[in-house]
Amino acid sequence: MSERKVIMGNHAVSYGVKLARVQVISAYPITPQTQVVEMLSEMCADAVLAAKFLKVESEHSALAAVIGAATLGVRTFTATSAQGLALMHELVHWSAGSRLPLVMADVNRAMAPGWSIWPDQLDALSQRDTGWLQLYCESNQEILDLTLLAYRLAESLSMPVMVVYDAFVLSHTSEPVEIPDQSEVDAYLPALASRTKLDLKTPAAFGGLTSPEYYFEFRYMMQQAHDRALVLMDEIGAEFGRRFGRNYGALETIDCDDAELILVTAGASSSTTRVVVQERRRRGQNIGIVKLRLFRPFPVDAIRRVLRKARRVAVIDRNLSVGCGGIFAQEIRAALCDLSDRPEILGYVAGLGGRDITLALLNALIDDALERKAEEGYLVFWGLKEETLYVER
Amino acid sequence: MIEVRIHGRGGQGAVIASKLLASAIFSEGKYVQCFPAIGVERRGAPVAAFLRVDDRFIYLRTDIAEPDHVVVLDQRLIVVAPVTEGLKPNGIILINSARSARSFSSLQGYRVYTIDANQIAGDHGLGSETAPIVNTVMAAAFLKVSQLATIEGLCKAIEDEVPIKRQANIAASNQAYARMQAFVGTAMKGEAGE
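Values in this document were obtained by computation on a predicted structure and should not be read as measured data. (Residues numbered from 1 in each chain as written. Chains lettered and ligands numbered in written order. Predicted model: local features only at pLDDT ≥ 70, side-chain atom pairs only at ≥ 80, totals over all residues. Heavy atoms only, no water.)

(A) Quick peek at the overall build of chain B. Assigned secondary structure in chain B consists of six helices and six strands. For chain B, the sequential pattern of α-helices and β-strands runs β-α-β-β-β-α-β-β-α-α-α-α. Whereas a compact globule of 194 residues would reach a radius of gyration of roughly 16 Å, chain B reaches 15 Å, a difference of no more than 12%. Projected onto its principal axes, the C-alpha positions of chain B cover 40 × 40 × 35 Å. Residues counted as buried form 54% of the 194 residues belonging to chain B. (Helix = DSSP H or I, 4+ residues; strand = E, 2+ residues; numbered from the N terminus. Rg over C-alpha atoms; globule rule 2.2 N^0.38 Å. Buried < 20%, exposed > 50% of the residue type's maximum accessible area, 1.4 Å probe, protein only.)

Have a look at this one:
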């Protein structure tokens, strides 16, 4: 029997990892992620989860440890945030190139300095070119469900998957979550059967020198895996829906069919945006939301299908690629630029470093997005405290 | 939707109080969301935790700026923490204090209640004499004055989630719920904090 409990986002991951019958866990504590592995270490100590928990001296070592374990063909887990993920970076590339079916939780925390523990998507987005798949969560239920789905994706494609969610707004917020029954999860997620693994009986080389004769094709095959992921995401997301009653696709569209203005969001701010848009609809304004769940691979076709009908698109980025703009906005523009009937695209950067994305902020943003001249909407910083700025010379 | 802010000091259990209230209220059919204020929490320093209650799933994920009710785990916080900031007129302020509600004359315009949670917690061996752990006692008292859930719901949450001294916490909560003494504030217009 499934049960419904009030749990924090971090523990939603822990329950997901337990239900996935993960065999090796390695992590290094970092706020706001710590509670994920704290609970998992208790589960291991209490023998309710038959996993080996490896304590290590850094995030780089944590990822190295699960790379080693996964190379032997076992199901693994690690979790981190911000500087911890940055420290892993070399092995984030390595693990994707090794085609290992890893799953990692990244609790979005702003990159320092200024020293911050609050939410900002830049940590995960800085890993966008590594080959890891990325899933962004809106609620604690989605965190648990996408953790399970991530293992299906990872193991079907032999590619690593990152489950991403906002610091504190989800990680430390408790709300009702349905925790599925173990036998139902077992049916959805059978034991890992790696095709290639380190095995004395069938020796193979791993991570060896790859001359220009071969490297190119290895990378092309990673792209092929991501292409397959776009189809697979909708398939196994629909299967999840049949088994557990909650459907997951690459995108979630809310009220987009007749929308003049579509807001594009990812992560927890999607949730508050729903509240604002629902109220606007009541007042007769045709506004919709596209929630990006899958960011890598980037679901270009699905995005084109839903956004091309709108007059305007306003992308809300809780991240900034300094010198360029919001990262989701850049990718949306790239996806749409070849269309002759493309909508006007406005890029809003808001809520950096955990600045609260309030109802008032979103309402003012919508008013602005309806009125603003398109040519002045390439990069709009929304919610800046102008009085605290000084002009750099 | 009802929004609640809990003021406490690091170590008093404000965050656990918000969680136990959330679980108790959820178990009786309402939707809930709770979260701590995140900053540089340390033992003894002012902290806050928050709770939302609604009949439907709560999509709102913002800070709570204008709570309906406030719970204060240490009466000395009234002078150092912004306990009435944004508090809606006629909201409940439940204070852990041996004093009467009427004696908090600066809190006019709200429904002020007091309970000597230190004493009840002490009687049941919760925490130490100088640092009693009052979260379960205050949660029980708050449920009594807010009617958001029954004491049975809270006791079940304590049973499920409190790692130690479950029976002492349940006994203390029952006592707080039964002994809750109400002193309703006088003025109705929100002119508090004068």
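(B) Region of the structure containing the interface of chain A and chain B. Taken together, the 23 residues of chain A in the interface contact 19 residues of chain B. Together chain A and chain B conceal approximately 1,800 Å² of surface at their shared face, both sides included; 62% is due to carbon and sulfur atoms. By the criterion of area lost to chain B, the three top residues of chain A are A:V6, A:P176 and A:D356, representing 28% of everything that side buries. At the surface where chain A touches chain B, the tally comes to one salt bridge. B:R61 serves as the salt-bridge partner of A:E175, at 3.0 Å between the closest nitrogen and oxygen. Remark: the boundary between chain A and chain B carries 11 residue pairs in polar contact (both at pLDDT 80 or more). Going through the elements one at a time, β1 (3–8), β8 (174–179) and α9 (269–282) of chain A are the ones with two or more residues in the side of chain A that touches chain B. The class makeup of the residues in the side of chain A that touches chain B is 11 nonpolar, seven polar and five charged. (Contact = heavy atoms within 4.5 Å. Buried area = accessible area lost by both parts, 1.4 Å probe. Salt bridge = Lys/Arg side-chain N within 4 Å of Asp/Glu carboxyl O. Polar contact = N/O pair within 3.5 Å; in protein donor to acceptor, adjacent residues only side chain to side chain. Nonpolar A, V, L, I, M, F, W, Y, C, P; charged D, E, K, R; others polar.)

(C) Main features of a nonpolar patch on the surface. All names here are of chain A. Together, L352, Y378, L379, F381, L384 and L389 line one region of the surface with nonpolar side chains, adding up to about 510 Å² of accessible area. Among the structural elements, L384 can be located in the segment after β15 (380–382). Judged by its relative accessible area of 43%, L384 falls in the partly exposed class. (Patch = residues over 30% accessible without salt bridge, like charges linked within 9 Å, V, L, I, M, F, W, Y side chains within 5 Å. Areas by Shrake-Rupley, 256 points an atom, 1.4 Å probe, with all protein chains shown as cover.)

(D) Layout of the pairing of strand β2 (residues 24–27) of chain A. Residues and elements named next belong to chain A. Residue alternation in β2 divides its side chains into two sets, V24 and S26 and I25 and A27, and both sets are buried. Handedness of the crossover is the feature at issue here: the chain leaves β2, passes through helix α2 (residues 34–45), returns alongside strand β3 (residues 52–55), and the resulting connection is right-handed. Taken together, the two bridges between β2 and strand β4 (residues 76–80) define a ladder with parallel strand orientation. Each bridged residue has a counterpart across the sheet, and for I25 the counterpart in β4 is F77. (Right-handed = clockwise from strand over helix to strand, strands pointing away. Pairing = 2+ DSSP bridges.)

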